[in-house]
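Next come the chains, spelled out residue by residue.
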Amino acid sequence: MKINGNEIRPGNLIEHKGALWRAVKCQAVKPGKGGAFNQVELKDIRTGTKLNERFRASETVEKVRLEQKEYTYLFADGDMITFMDTETYDQITINSDLVGEPAVYLQDGMVVTIESFEGEPLGVTLPEHVVFQIVEADAVVKGQTQSSSFKPAVLENGVRVMVPPHIESGTRIVVNTVEGTYIERAKD
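Residues numbered from 1 in each chain as written. Predicted model: local features only at pLDDT ≥ 70, side-chain atom pairs only at ≥ 80, totals over all residues. Heavy atoms only, no water.

An unreviewed UniProt entry lists the chain under the name Elongation factor P, with Thalassospira povalilytica given as the organism. Recorded under Sequence similarities (unreviewed entry), the UniProt text for the chain is reproduced unchanged: "Belongs to the elongation factor P family." (UniProt positions renumbered as here; feature names shortened; annotations may be inferred.)

As structure tokens, then:
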């Protein structure tokens, strides 16, 4: 879908100079002399390189839509992670770099969303909240109840999170996969 250069907004995905770019920042500039333009900071979604580009209203760019499909996590083998299409049961193996830091929160059977362009996977989105059991929690320090205090705890996947003092080893908690923080005690 073609759009004018002044219609580019942060988060948009465009095809420019033979690559796919995500608009990070956009600023409409109206100089005293000459025509107005849109100053856009772009980030290549494959390599991560950045580019500052000026687009005039008269220029057109190709806006790209990514295909989003649900997959089920199967297993990880070194740097490669295998997922299964929930509809066709086809398996896909992708590099863990596409998942990023949230990869430590992947669990067997977890349903994730994989974004792809022309059949090439470009990103993996995990559910925002997942439930884990605490296998190790430090003892509560007496007298720290006046201010909100947190103590370190280790989840069943080996990740350390800060939890409130009342959480003990063996407790199941909800963790935010984006920030890696404690949300609440699990309701199961």
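There's plenty left to go through after this.
A.B. asks: Could you give an account of the UniProt feature "domain: Translation elongation factor P/YeiP central" (unreviewed entry) in the chain, with specific residues and numbers?
C.D. replies: Following the UniProt record, one finds the feature "domain: Translation elongation factor P/YeiP central" (unreviewed entry) at residues 68-122. End C-alpha to end C-alpha, residues 68-122 measures 10 Å, and it is 0% helix and 56% strand. (Helix = DSSP H or I, 4+ residues; strand = E, 2+ residues; numbered from the N terminus.)

A.B. asks: Summarise the pattern of salt bridges; cite the residues concerned and give the values.
C.D. replies: One pass over the full model with this rule turns up six salt bridges. With a shortest N-O distance of 3.5 Å, Lys-17 and Glu-53 are connected by a salt bridge. One end of the pair, Lys-17, is in the loop between β2 (13-16) and β3 (19-29); the other, Glu-53, is in strand β5 (residues 50-56), and 36 residues separate them in sequence. Classification of Lys-17 by relative accessible area gives exposed; the value is 62%. On the basis of relative accessible area, Glu-53 is assigned to the buried category, the value being 18%. (Salt bridge = Lys/Arg side-chain N within 4 Å of Asp/Glu carboxyl O. Buried < 20%, exposed > 50% of the residue type's maximum accessible area, 1.4 Å probe, protein only.)

A.B. asks: A description of the side chain of Asn-12 should follow, citing residues and the corresponding values.
C.D. replies: Considering the arrangement of structural elements, one finds Asn-12 in the loop between β1 (2-4) and β2. Every residue in contact with Asn-12, bar those within four places of it in the chain, is listed here: Ile-3, Glu-7, Trp-21, Arg-22, Ala-23 and Lys-63. (Contact = heavy atoms within 4.5 Å.)

A.B. asks: So what's going on with unusual backbone geometry? Residues and values would help.
C.D. replies: Phi at Lys-17 is positive, roughly 55°, even though this residue is not glycine. At Tyr-89, a position not held by glycine, the phi torsion is positive, near 65°. Note that Tyr-89 resides in the loop between β8 (80-85) and β9 (91-95).

A.B. asks: Which residues make up the environment of Phe-83, and what values do they have?
C.D. replies: Residue position: Phe-83 is located in strand β8. By relative accessible area, Phe-83 is classed as buried at 0%. Distance in space between the C-alpha atoms of Phe-83 and Tyr-71 is 5.9 Å, their sequence separation being 12 residues.

A.B. asks: Account for the sheet that holds strand β10 (residues 111-117), with residues named and values stated.
C.D. replies: Hydrogen bonds between backbone atoms are what pair the strands of a sheet, whose relative direction is either parallel or antiparallel. Strand order in the open sheet made by the five strands is β9-β8-β7-β10-β11, with antiparallel pairing throughout. If you trace the sheet from one side to the other, it starts and ends with β9 and β11 (120-125), each paired once. Sheet twist, expressed as the average angle between the axes of neighbouring strands with direction ignored, equals 45°. Pairing of strand β7 (residues 67-77) with β8, which is carried by six bridges, proceeds in the antiparallel orientation. Each bridged residue has a counterpart across the sheet, and for Phe-75 the counterpart in β8 is Thr-82. (Pairing = 2+ DSSP bridges. Axes fitted to C-alpha atoms, helices over the stretch in contact; angles between N-to-C directions.)

A.B. asks: Before we move on, could you go through the nonpolar core and cite the residues and values that matter?
C.D. replies: Counting 26 residues, the largest nonpolar core has Phe-83, Val-112, Leu-155 and Ile-173 as its most contacted members. A total of three residues in this core trace back to one element, the largest contributor, which is strand β12 (residues 129-137). Core analysis: the next-biggest nonpolar cluster, separate from the first, contains 10 residues, Ile-3, Leu-42, Phe-55 and Val-61 among them. (Core = buried A, V, L, I, M, F, W, Y, C linked by side-chain atoms within 4.5 Å.)

A.B. asks: Describe in detail the packing of aromatic side chains, supporting the description with residues and values.
C.D. replies: Pairs of aromatic rings are described using the distance from one ring centre to the other and the angle between the two planes. A complete count under the given rule lists two aromatic pairs for this structure. A centroid spacing of 6.0 Å and a plane angle of 65° characterise the contact between Tyr-73 and Phe-83, whose relative ring orientation is edge-to-face. Placement of the pair is Tyr-73 in strand β7 and Phe-83 in strand β8, with a sequence separation of 10 residues. Taken individually, Tyr-73 and Phe-83 each receive the classification buried, so the pair is uniform in this respect. Measuring from centroid to centroid gives 6.0 Å for Tyr-105 and Phe-132, while their planes differ by 55°, and the two rings are tilted. Here Phe-132 lies in strand β12 and Tyr-105 lies in the loop between β9 and β10, a separation of 27 residues in the sequence. Note on accessibility: Tyr-105 and Phe-132 belong to one class, buried. (Phe/Tyr/Trp six-rings, centres within 6.5 Å; stacked < 30°, edge-to-face > 60°.)

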